[in-house]
Amino acid sequence: DGKLYRGKSDTTHYDLKIGFMNAAKAAIDRAGSTVEQVLQEAQAIVYSTTVGTNALIERRGTKLGLITTKGFEHTVQVGRARNWGDGLPTEKKYDRGRAMRPEPIIPQHRIIGIQERIDNLGNVIVPMSDEEVKNKVQKLVDEGVRGFVVVTLNAFINPDHERRIGKIILEQYPECYLGHMPVYLSHQISPKSGEYRRSMTVIIDAYLRDLTEGHVLRLSDDLRDLGYNRPIFVAKNTGGLSSLSRSQALHLLGSSPASTVIGSDYIGETIGSRNVIVSDMGGTSFDVGLVVEGQDKVYEYDPVVDRFRVQIPYVAHWSVGAGGGSIAKVVAGELRVGPESAGSNPGPACYGRGGLDATVTDADIVLGYINPDNFLGGEVSLDAQRSKEVIKENIADPLGINVVEAAWRIKRLIDGYMGQEMYRICALTSGQDPRDFVLFALGGAGPVHAAGYAEGADVNRIATFPFSSVFGAFSTLTLDVLQTYEKTLHLNLYSHSEESYGVKNIEAFNKEVGILVEFAERDLQEEGFDFNEIEFKLDIKMCYGQQRQTLPINVPKLKFTKEADIISICDDFNQSFASKYGEGACYPEAGIELVELQLNAVAPSEKYQLKKLGSRKRTRPKANMSRMAHWGPEYGSTETPVYLRDDIVGRTKIEGPALIEADDTVIVTPPGWVFVTDDWGVGWIEKKVVN
């Protein structure tokens, strides 16, 4: 009925769907309803999961065999020149003497080559022998594989050999037998050039398929038993939703932080914040994203998953090993915090689950920011004494300082690290000035540490929301149904030597785009949408002749009809290249090439509308209580007023230091900062201006 209810629960690693149901029940209880009633009336359930991410880290996927072109059996081991550093933290990238390439997902003895060859124009140079394929497949079966990945050279241009290999495997191991083997063909999953990245895209998708699919299908079955009779929509890292039958396992990796960026843009547009740094601090990680001038879909076209580069265009976000569970320790007389984490089990020492390490959450308790008797609305009681003991034993005594100072150093170190990473991502990676941005403090630990890491990033205004700790889940409600289709396509659009535009390539362009549109129409009609409801966005990747640096350029229509269409696109490319790299970098004299198509098909969904509370006179609420909190060497430990977030209604101004407690987080407002609420109910932590 247009109202928003939230629920939160512990992650249940032994069975993730239990944690999901616990969180859903918590939200349903707040709505005063029953699980059965809500599920029977629900328009949709949107789900985001980390099951694939965890399985990849722990190497718990399917045992696979890889079939490729003879002579290319070592493609995934060789990788690319910088492959050894992909996915490593910055400090390890500089430690080249100890650098190790990632452990392969498919070991070398389960990779076989087939005598066949298709050239870059799609011509068959070396025919393929069916008998050889059968013998090599049997060899992999004897190795115990439970699925086949097929990646042949230039299959994205001519997939005939891949199709034939897949057909032979299915003939040898048909679905009617218990030994049936799933087959994953690269031209179906990633029809793009780049042998290493195409191989890894298919390998990771296949590796996670069974585990991811089984987990979500079991959840779907449980929900149907409770009365839900519609498809489950899953959030994808491409920035949209789709039903399970139209999603790949690889699309679920990093889907929550990608969704958070989209949700931040949606909320930012509502409240008038068009430049946003998105920060989500949970128990184990600190995720950062950017919304620049209201543009959320800043794609990462060459992303690293775990330690491998893949070919999926996902919404750009960055993950840092920092969170409430980050472990603090003294190494060679020096304090270090993270990236190792205590996770949720055993978790920080204060959880009382056997954790022996000092963590950031333990430091927050010692500093007085978190009330151990009112954690998660009082549902969980924390052991403050245990926090003091582990910090004293592991940090304070080795450094020769007291417990409070040790806790303060832990906080300052983790805040500085997160602030530095935010500044680097915003200023260095994306070329933006952090001072032009507001910060969204999200996640359970985000509002606790936001003022600290905002200072390190040179940001002076922070937004918190009543649903900050579950903003990732909220953000999935702001996503549209989206399908993305890509294809490598090389066409010359401009020749300087001939002083002509590629009019002769219009037919080839229209044909390939038409094929992608047909795929989109098929998939979204399967999702239940009429063709007239679908919005298409076509981007083409372009470059100057013989250059590798490409830029995506939006094409306003799905067909070229005349030379003026190509001229317009080339002009857009020249302007975008000049804007990104400087006018002196433009070089149309080398010609302009199209290298890749990307079609986004969007079916808009109904979204939750943030409601304005209306202008009210600013009030000064009374503190409910107070407790001792430490604010560093300049201010020391002081009796600090504590306010309840639910009691703050309308426009409010509270001078720091102050603690504003919600049932799932604490908004920490240090000295020199002020907490104000606006007509939208957003709580802002703002740095006081010193004249």
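Residues numbered from 1 in each chain as written. Predicted model: local features only at pLDDT ≥ 70, side-chain atom pairs only at ≥ 80, totals over all residues. Heavy atoms only, no water.

Asker: Looking at this structure, I do not really get the packing of aromatic side chains. What am I missing?
Answerer: The geometry of an aromatic ring pair is captured by the separation of the ring centres together with the interplanar angle, meaning the angle of the planes. Throughout the structure, instances matching the rule amount to 17 aromatic pairs. Taking the centre distance of 4.9 Å and the plane angle of 70° together, the rings of Y544 and F577 count as edge-to-face. You can see Y544 sitting in strand β24 (residues 535-544) and its partner F577 sitting in helix α17 (residues 563-581), a full 33 residues away along the chain. Residue classification places Y544 among the buried positions, given a relative accessible area of 0%. Exposure remark for F577: the relative accessible area of 4% places this residue in the buried category. Members of the aromatic cluster, joined through ring pairs, are F440, F465, F467, F471, F474 and Y608. (Phe/Tyr/Trp six-rings, centres within 6.5 Å; stacked < 30°, edge-to-face > 60°. Helix = DSSP H or I, 4+ residues; strand = E, 2+ residues; numbered from the N terminus. Buried < 20%, exposed > 50% of the residue type's maximum accessible area, 1.4 Å probe, protein only.)

Asker: How do you make sense of the pairing of strand β3 (residues 111-114) when you look at a structure like this?
Answerer: Where burial is concerned, the two faces of β3 agree: the one with I111 and G113 and the one with I112 and I114 are both buried. Pairing analysis gives 4 bridges linking strand β2 (residues 65-69) to β3, with the strands arranged parallel. Considered in β3, the bridge of L66 is made with I111. (Pairing = 2+ DSSP bridges.)

Asker: Would you explain helix α10 (residues 255-271) in this entry?
Answerer: Side chains that are three or four residues apart share a direction in an α-helix, a result of its 3.6 residues per turn. The terminal C-alpha atoms of α10, which comprises 17 residues, lie 24 Å apart, in line with the 24 Å expected from a rise of 1.5 Å per residue. For α10, the buried fraction is high: 14 of the 17 residues fall into the buried class. The positive-phi residue at the C-terminal boundary of α10 is G272, with phi of around 90°. (Expected span 1.5 Å × (residues − 1).)

Asker: When you look at unusual backbone geometry in this model, what are you seeing that I'm missing?
Answerer: Glycine aside, residues mostly have negative phi angles, and peptide bonds mostly take the trans form. Geometrically, the link from G656 to P657 is a cis peptide bond, its omega value of 10° lying close to zero. The residue P657 is located in the loop between β29 (653-655) and β30 (658-661) in this model. If you check the backbone angles, D306 has positive phi at about 60° while not being a glycine. With respect to the element layout, D306 can be found in the loop between β13 (304-305) and β14 (308-309).

Asker: Please clarify how the pattern of salt bridges should be interpreted in this entry.
Answerer: Oppositely charged side chains can pair when the atoms bearing their charge come close. Scanning the model with the defined rule gives 38 salt bridges in all. Among the ionic pairs, D130 bridges to R164, the shortest N-O distance being 2.6 Å. Taken together, the positions of D130 in helix α6 (residues 130-142) and R164 in helix α7 (residues 160-172) put the pair 34 residues apart, joining distant regions of the chain. Here D130 falls in the partly exposed class, since its relative accessible area comes to 27%. (Salt bridge = Lys/Arg side-chain N within 4 Å of Asp/Glu carboxyl O.)

Asker: Explain the sheet that holds strand β31 (residues 666-669) here, please?
Answerer: Sheet strands pair by backbone hydrogen bonding; their relative direction is either parallel or antiparallel. Taking strand neighbours across the sheet as the criterion, the 4 strands line up as β27-β28-β30-β31 in an open arrangement whose pairing is mixed. With partners counted over all chains shown, the strands left at the sheet margins are β27 (625-630) and β31, one partner each. Each strand of the sheet is rotated relative to its neighbour by a mean of 30°, with strand direction disregarded. Two strands pair when backbone bridges link them, and β30 and β31 are joined in this way by 4 bridges, in the antiparallel orientation. Looking at the pairing, E661 lines up with V666 of β31. (Axes fitted to C-alpha atoms, helices over the stretch in contact; angles between N-to-C directions.)

Asker: So what exactly am I meant to see when it comes to the sheet that holds strand β7 (residues 183-185) here?
Answerer: Across the sheet, which stays open at both edges, the 4 strands sit in the order β3-β2-β6-β7 with parallel pairing between neighbours. Only two strands of the sheet have a single partner each, and these edge strands are β3 and β7. Mean inter-strand twist for the sheet, computed between neighbouring axes without regard to direction, equals 20°. As judged from the 4 bridges shared by β2 and strand β6 (residues 148-151), these two strands associate in the parallel manner.

Asker: Honestly, the nonpolar core in this entry has me stumped. Any pointers?
Answerer: The tendency in soluble globular proteins is for nonpolar side chains to be buried side by side. With 69 residues, the main nonpolar core has I267, F440, F465, F509 and I540 as its most contacted residues. Setting aside residues no more than four positions away along its own chain, F440 makes contact with S264, I267, G268, I271, V276, I277, V278, S279, A463 and F465. Core analysis: the second largest hydrophobic core is formed by 60 residues, V337, A363, V459 and L659 among them. (Core = buried A, V, L, I, M, F, W, Y, C linked by side-chain atoms within 4.5 Å. Contact = heavy atoms within 4.5 Å.)

Asker: Teacher, can you tell me more about the side chain of T361 here?
Answerer: Structurally, T361 is set in helix α11 (residues 360-366). The exposure class assigned to T361 is buried, which follows from its relative accessible area of 9%. From its side chain, T361 meets the backbone oxygen of G324 in a polar contact 2.9 Å long. Apart from the residues lying within four places of it in its own chain, the contact partners of T361 are G324, G325, P348, C350 and I370. (Polar contact = N/O pair within 3.5 Å; in protein donor to acceptor, adjacent residues only side chain to side chain.)

Asker: So what exactly am I meant to see when it comes to the side chain of R110 here?
Answerer: Mapped onto the elements, R110 comes out in the loop between α5 (90-93) and β3. Although R110 is buried, it forms no salt bridge, and the closest oppositely charged side chain is E143 at an N-O distance of 6.3 Å. In contact with R110, other than residues within four places in its own chain, are K63, L64, G65, L66, I105, L140, E143 and V145. (Lys, Arg positive; Asp, Glu negative; His and termini not counted.)

Asker: Just checking my understanding: could you explain the pairing of strand β21 (residues 461-464) for this structure?
Answerer: Regular strands have side chains that alternate between both faces of the sheet. Where strand β20 (residues 438-442) and β21 come together, 2 bridges link them in parallel fashion. Paired with F440 across the strands is A463, a residue of β21. You can see the chain leave β20, run along helix α14 (residues 446-457) and come back into β21, and the turn it takes is right-handed. Judged from the 4 bridges that link them, β21 and strand β33 (residues 683-687) form a sheet pairing that is antiparallel. Bridge pairing in β33 places I462 opposite I685. (Right-handed = clockwise from strand over helix to strand, strands pointing away.)

Asker: Is there a simple way to explain the packing of helix α12 (residues 384-399) against helix α13 (residues 403-429) in this structure?
Answerer: For any two helices packed against each other, the geometry is given by the interaxial angle and the distance between the axes. Packing of α12 against α13 brings their axes to within 9 Å, and their N-to-C directions diverge by 90°. By the angle between their axes, α12 is roughly perpendicular relative to α13. Of the residues in α13, those in contact with K388, I391, K392, I395, A396 and L399 of α12 are V403, A406, A407, R409 and I410. Considered class by class, the residues forming the contact of α12 with α13 number 8 nonpolar, no polar and 3 charged. (Parallel < 35°, antiparallel > 145°, perpendicular 65-115°, else oblique. Nonpolar A, V, L, I, M, F, W, Y, C, P; charged D, E, K, R; others polar.)

Keep in mind these values describe shape, not function.
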